[in-house]
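Examining the three-dimensional arrangement
One-letter residues, chain by chain:
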Amino acid sequence: MKRLLSARARAEVGKRTGVASGVLGALCVLAVLCFLLPDLLVTRDALPFYVAHLGLLRTILQACILAAFALGAASILLLRSKTYGLIGIGLGAVALLMGGAQAEPVELGAAGGRAFAAGLDYFVLELLVLALLFVPLERLYALRRQNIFRAGWQTDLKHFFVSHAGVQLLSFASMIPAQALFAWTLQLDFQKAVAAQPLWLQFIEILLAVDFMTYWVHRSFHSVPWLWSFHAVHHSSRQMDWLAGSRMHIVDVLVTRAAAFLPVFVLGFAPAALYAYLVFVSFHAVYIHANVRWRWPLLRWVIATPEFHHWHHTSDEEGLDKNFASFLPLWDRVFGTAHLPDHWPKNYGTVEFQPPETWVGQLLYPFRRRGKRTPYG
Ligand SMILES: [Zn+2]
Ligand SMILES: [Zn+2]
């Protein structure tokens, strides 16, 4: 019995190291592509930063390729099936053959004149940083015991890829409505006054204004049946963790961001305050989905915590259609939708209709469900 259990444990570790090796190997291939084709694949605004830290980035890439090999080898030793480990090692080898950490940009002629570049660098770095931060946190302070590679993680990773690699296009598209409708507000006196305030004050004002706006957009996504079929994708996760928050229909992402940008554009906040806000909320949005048990007793009614947002994702009757605010529970208190008891929710997911598990299925889901009645969840 003891030998059987240890064999099972070895296989489990072997599978996890194999999958980790494959994911890391794929990230290395994408990172080498960024080194080879920066004009096409790297976020334009970040290029000067990368040029200034090229040595460090090459060292990190080298370490990741080595780690993909080491994890792959461990998986081959531990697991009877060699496929996982071999895929990881194979991807590491592809990264090396493409030039590895020494890869130099390939000349593409007039590439510098392109208006858009993919944010492949943003995808690779953000995934690496978030995984290094949240995987250990979720091991040490787990709310629930669950596998890192739980059901649906690949679908969530595809959503994560689209929202990060397509960051420039998505940002551009979500600014169009504000610019088209409110261009006439530019350079009004009150905008100059808003931008002249201390940055910390602008930061708080952005939080209040954007959160008020997105509270109502989010609530509409729950109460208008057709909109709900887009937002149901975000609620379809049965297990919560740092990657689950990425599961969002692209229409949901665009509409929410476009609405969030409206008050920012009309009020005319300074770009520095806006950037600080964006960095802050992008981490916060990941954190509130995480599988961590910290309850923040003093802050739980001031800012949205994992506990607050887990209640938003619950399929337990008591928590349905509650806690719409992204950051400030204040709005849920004011509009009567707050729910934060002393216990954690038991179950997560949609109540009745369950969107498909595949990424393509989730993208098509609202269009297939169009016209049918959908309950909230
Ligand atoms: Zn929701
Ligand atoms: Zn969520």
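Calculation criteria
Residues numbered from 1 in each chain as written. Chains lettered and ligands numbered in written order. Predicted model: local features only at pLDDT ≥ 70, side-chain atom pairs only at ≥ 80, totals over all residues. Heavy atoms only, no water. Donors = N, O, S within 2.8 Å, 3.2 Å for Na, K, Ca; no water. Tetrahedral: all angles 85-135°; square planar, octahedral: opposite > 155°, others 65-115°. Helix = DSSP H or I, 4+ residues; strand = E, 2+ residues; numbered from the N terminus. Buried < 20%, exposed > 50% of the residue type's maximum accessible area, 1.4 Å probe, protein only. Salt bridge = Lys/Arg side-chain N within 4 Å of Asp/Glu carboxyl O. Domains from an automatic or database assignment. Contact = heavy atoms within 4.5 Å. Polar contact = N/O pair within 3.5 Å; in protein donor to acceptor, adjacent residues only side chain to side chain. Core = buried A, V, L, I, M, F, W, Y, C linked by side-chain atoms within 4.5 Å. Axes fitted to C-alpha atoms, helices over the stretch in contact; angles between N-to-C directions. Parallel < 35°, antiparallel > 145°, perpendicular 65-115°, else oblique. Left-handed = near helix turned anticlockwise from the far one by under 90°. Nonpolar A, V, L, I, M, F, W, Y, C, P; charged D, E, K, R; others polar. Phe/Tyr/Trp six-rings, centres within 6.5 Å; stacked < 30°, edge-to-face > 60°. Lys NZ or Arg CZ within 6 Å of the ring centre and 35° of its normal.

This part takes up the coordination of the zinc ion (ligand 2). For the zinc ion (ligand 2), the full set of protein donor atoms is H234 (NE2), H289 (NE2), H309 (NE2) and H313 (NE2), at a range of 2.1 Å. The coordination sphere of the zinc ion (ligand 2) comprises four donor atoms, whose angles at the metal cover 94 to 153°; the geometry is irregular. Each donor residue of the zinc ion (ligand 2) belongs to the same chain, with the gaps between them written as H-x54-H-x19-H-x3-H. You can see H289 sitting in the loop between α13 (271–287) and α14 (306–312) and its partner H309 sitting in helix α14, a full 20 residues away along the chain. Overall, the relative accessible area of 5% leaves H289 in the buried class.

Right, let's talk about the coordination of the zinc ion (ligand 1) for a bit. All of the protein donors around the zinc ion (ligand 1) are H218 (NE2), H222 (NE2), H231 (NE2), H235 (NE2) and H312 (NE2); their distances to the metal are 2.0 to 2.2 Å. Coordination of the zinc ion (ligand 1) draws on donor residues from a single chain, spaced H-x3-H-x8-H-x3-H-x76-H in sequence. Residue H218 and its partner H222 are both found in helix α10 (residues 199–223); the two are separated by four residues, about one turn of the helix. For the pair shown, H218 and H222 are each scored as buried.

Using the criterion set out here, one finds nine salt bridges in the structure. Across the salt bridge formed by R58 and E104, the nearest N and O atoms sit 3.3 Å from each other. With R58 in helix α4 (residues 54–78) and E104 in the loop between α5 (83–97) and α6 (120–140), this pair connects stretches of sequence that are 46 residues apart. Relative accessible area serves as the criterion here: at 49%, E104 is assigned to the partly exposed category. Salt bridges sharing partners connect three or more residues here, namely R150, D156, D241, R247 and E357.

What follows is about the domain arrangement of the protein. Here the protein is described as being made up of domain 1 (2–116) and domain 2 (167–369). Placing a centre on the C-alpha atoms of domain 1 and another on those of domain 2 gives a separation of 32 Å.

This part takes up the environment of R16. The topology assignment puts R16 in helix α1 (residues 2–36). With 133 residues separating them along the chain, R16 and F149 place their C-alpha atoms 7.5 Å apart. For R16, the residues in contact, after removing those within four places along its chain, are R139, N147 and F149. Within the structure, R16 has its side chain in polar contact with the side chain of N147 (distance 3.5 Å).

With 39 residues, the main nonpolar core has L61, F123, L127, F134 and W242 as its most contacted residues. It is α1 that provides the largest number of residues to this core, a total of ten residues. Inspection of this core shows a minimum of three residues originating in each of domain 1 (2–116) and domain 2 (167–369). Once residues lying within four places of it in the same chain are set aside, the contact partners of L61 are C28, A31, V32, F35, G100 and A101. Formed by 26 residues, the second largest nonpolar core is a distinct cluster that contains I206, V264, A273 and W331.

Quick look at unusual backbone geometry now. Outside of glycine, negative phi angles account for most residues, and trans bonds account for most peptide bonds. Positive phi is not limited to glycine here, since W296 has a value of about 50°. As for its placement among the helices and strands, W296 is situated in the loop between α13 and α14. We classify W296 as partly exposed; its relative accessible area is 37%.

Here we come to the packing of α6 against α13. As a packed pair, α6 and α13 sit with axes 12 Å apart at the nearest point and diverge in direction by 45°. By the criterion of interaxial angle, the relationship of α6 to α13 is oblique. Like other packed secondary-structure pairs, α6 and α13 cross with a definite hand, here right-handed. Facing α6, whose interface residues are V129, L130, L133 and F134, α13 presents F283, V286 and Y287. Of the residues assigned to the contact of α6 with α13, the class counts are seven nonpolar, no polar and no charged.

Moving on: the packing of aromatic side chains. All chains considered together, the criterion is met by 21 aromatic pairs. Measuring from ring centre to ring centre gives 6.2 Å for F182 and W184, while their planes differ by 45°; the resulting arrangement is tilted. Judged by relative accessible area, which is 25%, F182 ranks as partly exposed. Aromatic ring contacts, followed pair by pair, group F212, Y215, W216, F324, W331 and F335 into a single cluster. Directly above the ring of W301 sits R333, whose terminal nitrogen or CZ lies 4.4 Å from the centroid.

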